[in-house]
Amino acid sequence: ILTNARRFITVSQTVKEEAIKLIGAPVDRIRIINKGISDSFLSSVYDEKLLEALKIRLGIDKPYLLTVGFWRSYSNLINLIRAFNLFRNRYNTDNQLVIVGKPDGQEDAIRQVITELGLGSHVILVGYVDERDLPLLYRGAELYINPALDDGFGSTVLEAMACGLPVISSNA
């Protein structure tokens with residue numbers, strides 16, 4: 001493929017650099033085409049009743065901080081949960097941390113940390129959320145957190161910003 005392809009398309013400079021480093025992709029044939037986000041994240045209009053119904057269904061009953069993504073080691077969720085615990089204790093807040101995304105091999109370790117820190121009612125593990133509900137979740141949150149140690153593009157950060165949500169992000 002490397003010798004026959006006319007062009008290679010990546011979604012970000014980070015992915016381009018990884019392709020060059022990992023597979024020796026030819027620099028002069030790589031083009032970056034950044035991903036976009038759905039228009040559903042761009043509208044500032046939303047139904048408060050739908051948001052409340054969604055929060056009830058997901059077990060969210062307090063102001064919440066949000067993170068969305070795969071539950072992999074590079075997602076850094078365990079350290080996010082530990083940092084959230086420090087934040088709660090230092091500032092005596094009653095916020096919840098809502099973690100949305102597809103569970104994988106990290107799920108047991110994540111649940112163990114939540115149990116060890118006594119955060120059972122403060123960390124909500126939502127799992128997969130229908131794409132139609134995501135804009136509502138973003139708009140209902142107080143803050144979006146992207147703790148990822150490695151990220152190819154970071155579309156969830158764009159989605160959060162499009163919904164008018166303040167973002168705290170790693171530099172990945």
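Residues numbered from 1 in each chain as written. Predicted model: local features only at pLDDT ≥ 70, side-chain atom pairs only at ≥ 80, totals over all residues. Heavy atoms only, no water.

Trainee: Please set out the packing of aromatic side chains residue by residue, giving values where relevant.
Mentor: Taken as a whole, this structure holds two aromatic pairs when the rule is applied. Relative to Tyr 91, the ring of Phe 87 has its centre 5.6 Å away and its plane inclined at 50 degrees; by these criteria the two rings are tilted. In this pair, Phe 87 and Tyr 91 are both assigned in helix 3 (residues 77-91), four residues apart and thus about one turn of the helix distant. Taken together, a centroid distance of 5.7 Å and an interplanar angle of 55 degrees make the contact between Tyr 138 and Tyr 144 tilted. Since its relative accessible area comes to 0%, Tyr 138 is described here as buried. (Phe/Tyr/Trp six-rings, centres within 6.5 Å; stacked < 30°, edge-to-face > 60°. Helix = DSSP H or I, 4+ residues; strand = E, 2+ residues; numbered from the N terminus. Buried < 20%, exposed > 50% of the residue type's maximum accessible area, 1.4 Å probe, protein only.)

Trainee: Go over the pattern of salt bridges, please, and point to the residues and values.
Mentor: In this structure the tally under the stated criterion is seven salt bridges. Glu 52 is paired through a salt bridge with Lys 55; the nearest N and O atoms lie 3.3 Å apart. Highlighted residues: Glu 52 and Lys 55, both in helix 2 (residues 48-58), separated by three residues, approximately one helical turn. By relative accessible area, which is 33% here, Glu 52 ends up partly exposed. Between Asp 94 and Arg 88 there is a salt bridge; the shortest N-O distance is 4.0 Å. Take Asp 94: its relative accessible area is 41%, and that puts it in the partly exposed class. (Salt bridge = Lys/Arg side-chain N within 4 Å of Asp/Glu carboxyl O.)

Trainee: Run through the pairing of strand 6 (residues 143-146), naming residues and quoting values.
Mentor: On any regular strand, side chains alternate: one points to one face of the sheet, the next to the other face. Of the two faces of strand 6, the one holding Leu 143 and Ile 145 and the one holding Tyr 144 and Asn 146 are both buried throughout. Two elements, strand 3 (residues 64-68) and strand 6, share two bridges in a ladder whose sense is parallel. The residue bridging Leu 66 from the neighbouring strand is Tyr 144, located in strand 6. As judged from the three bridges shared by strand 6 and strand 7 (residues 167-169), these two strands associate in the parallel manner. Looking at the pairing, Tyr 144 lines up with Val 167 of strand 7. (Pairing = 2+ DSSP bridges.)

Take it as geometry only, folks, not as evidence of what the structure does.
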